[in-house]
Amino acid sequence: MASMRDIKRRKASIQSTSQITKAMKLVSTVKLQHAKGRAEETKPYFDKMYETVSGMLAKSQNIDHPLLVERKKDGPKKKGVILISSNRGLAGGYNSNIVKLVTQGDFPVDDTIVFPIGRKGLEAVQRYGYTCRGDYSEVMNNPLFGDAVSIGKSVVTAMESGEIDEVYLAYTVFKNTVTHIPTLIKMLPFTEEDIREMSQQGKEDENSEGKAGARALMNYEPDETEALGYIIPMYMNSLIFGALVEAVASENGARMQAMDSATSNAEEMIDKLGLQYNRARQSAITQELTEIVAGASAIE
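Residues numbered from 1 in each chain as written. Predicted model: local features only at pLDDT ≥ 70, side-chain atom pairs only at ≥ 80, totals over all residues. Heavy atoms only, no water.

### Considering helix α2 (residues 94-103)
Because the α-helix completes a turn every 3.6 residues, residues three or four places apart line up on one side. For clarity, the threshold we go by: Partly exposed describes any residue whose relative accessible area lies between the buried limit of under 20% and the exposed limit of over 50%, with all areas from a 1.4 Å probe on protein chains only and scaled to the type maximum. Put simply, DSSP marks the helices as runs of H or I at least four residues long and the strands as runs of E at least two long, and each gets a number from the N terminus on. The arc in question is the one traced by the directions running from the helix axis out to the C-beta atoms. Every residue pair with non-hydrogen atoms within 4.5 Å of one another is taken to be in contact.
Among the residues making up α2, those that are buried are Y94, N95, I98, V99, V102 and T103. Seen end-on, α2 carries its buried residues on one side only, within an arc spanning 155 degrees. Where α2 is buried, its residues meet β1 (79-84), α3 (119-127), β4 (166-176), β5 (179-188) and α6 (224-299).

Laid out in structure tokens, this is it:
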């Protein structure tokens, strides 16, 4: 059995750790309230933008735009992944879950370029040998739409130059305070199969809403290429910004949960150490009484 001094020292150490985790939980709770409100305000626009572009493509025919058309029908495709993680740890499995979407998904190391947003994700994919383009870690401190525009320009430039053929976005969806879902979506290009699915989904949505009638094809003014040249970058920037906002809320929610669990575990350990200390103290007192009684008996 450990000595009373060792138990007391360990108990004091855990109590100090418990105070730190409590403070971190409070900080994360305050940050979560702000991030949650921002995510809830941004999500409708985020969803509507994706729905609108999907609907446009579903109602269009023979689209010929460099950012929308598949470049390779066969063979390996160069993939670009915008990976959104956090700059700090102590958030449970938040960062590892989002990194697994890339490292355990269909993203070969030699054919993938990662655009990392968040230091933890950057460090993780570099350990696996992935090529990283840029470091946007500072964006996670306070995401702004201008940051999403800058990242979107880098990705579009890489796609237009032929460095990548497909663009994916890996982020964590904020559902509620305790539920955060690692998500991977394909941003560009839209294959013919994707467009057919969008068209079918649009019909199902209209039927569910009780709408009927002919579906007119999409007309572009002044022309298709110029119109999509404005719309597609805005679509990408909007999705990236929405993902950034949701990721910040998810990060703070995950850290709040992790710190709450750590505090509860520390309190349980403190209780167990208290029992061990009392038993050790009782044993020491019993030993002393036994020695005193034995000494008095010897004198008699």
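### Concerning the packing of helix α4 (residues 145-160) against α6
The criterion, for reference: Each axis is a line fitted through C-alpha atoms, and for a helix only the stretch in contact is used; angles between axes span 0 to 180 degrees, taken between their N-to-C directions. Angle categories: roughly parallel below 35 degrees, roughly antiparallel above 145, roughly perpendicular from 65 to 115, and oblique for all the rest. Handedness of a crossing is defined here by the sense of rotation of the near helix relative to the far one, left-handed for an anticlockwise turn of less than a right angle and right-handed for a clockwise turn.
Close contact between α4 and α6 brings their axes to 8 Å; oriented N to C, the two are set at 125 degrees. On the basis of the axis angle, α4 is oblique to α6. The chirality of how α4 crosses α6 is right-handed. Facing α4, whose interface residues are F145, A148, V149, I151, G152, V155 and V156, α6 presents M234, M236, N237, S238, I240, F241 and L244.

### Brief notes about the environment of G80
Along the chain, G80 falls in strand β1. Using a relative accessible area of 0% as the deciding quantity, one classes G80 as buried. It is 4.8 Å that separates the C-alpha atoms of G80 and V167, two residues lying 87 residues apart in sequence. Excluding its chain neighbours within four sequence positions, the residues that come into contact with G80 are I113, F115, I164, E166, V167 and Y168.

### Examining α4
For the record, the criterion: By this rule, a helix spans an expected 1.5 Å times one less than how many residues it contains.
Its 16 residues place the ends of α4 22 Å apart at the C-alpha level, agreeing with the 22 Å of an ideal helix rising 1.5 Å per residue. Residues A148, I151, G152, V155, V156, A158 and M159 constitute the buried set of α4. All buried residues of α4 lie within an arc of 155 degrees about the axis, which places them on one face of the element. Turned more than 90 degrees from where α4 packs its buried face, K153 and E160 sit exposed. Lining the buried residues of α4 we find β1, β2 (112-117), β4, β5 and α6. Looking one or two places after α4, you find G162, whose phi comes out positive at around 90 degrees.

### What about the nonpolar core?
Keep this limit in mind: Grouping buried Ala, Val, Leu, Ile, Met, Phe, Trp, Tyr and Cys residues that are joined through side-chain atoms within 4.5 Å yields what is termed a nonpolar core.
Ranked by size, the top nonpolar core spans 51 residues in total, and within it I82 and I84 carry the most contacts. It is α6 that contributes the most residues to this core, 16 residues altogether. Formed by twelve residues, the second largest nonpolar core is a distinct cluster that contains V81, F107, A124 and Y130.

### What to know about the sheet that holds β5
Put simply, the test is: Two strands pair if DSSP finds at least two bridges between them.
An order of β3-β2-β1-β4-β5 is seen for the five strands of this open sheet, with the pairing classed as mixed. The open sheet has two edge strands with one neighbour each: β3 (131-132) and β5. Across nine bridges, β4 lies against β5 in antiparallel orientation. Pairing of F174 across the sheet is with H180, part of β5. Along the sheet, α4 contacts β1, β2, β4 and β5; its crossing angle with β2, the most-contacted strand, is approximately 170 degrees.

### A word on the side chain of T21
The residue T21 is located in helix α1 (residues 4-58) in this model. Taking relative accessible area as the criterion, T21 reaches 8% and is therefore assigned buried. Setting aside residues up to four positions removed in sequence, T21 forms contacts with M259, A262 and T263.

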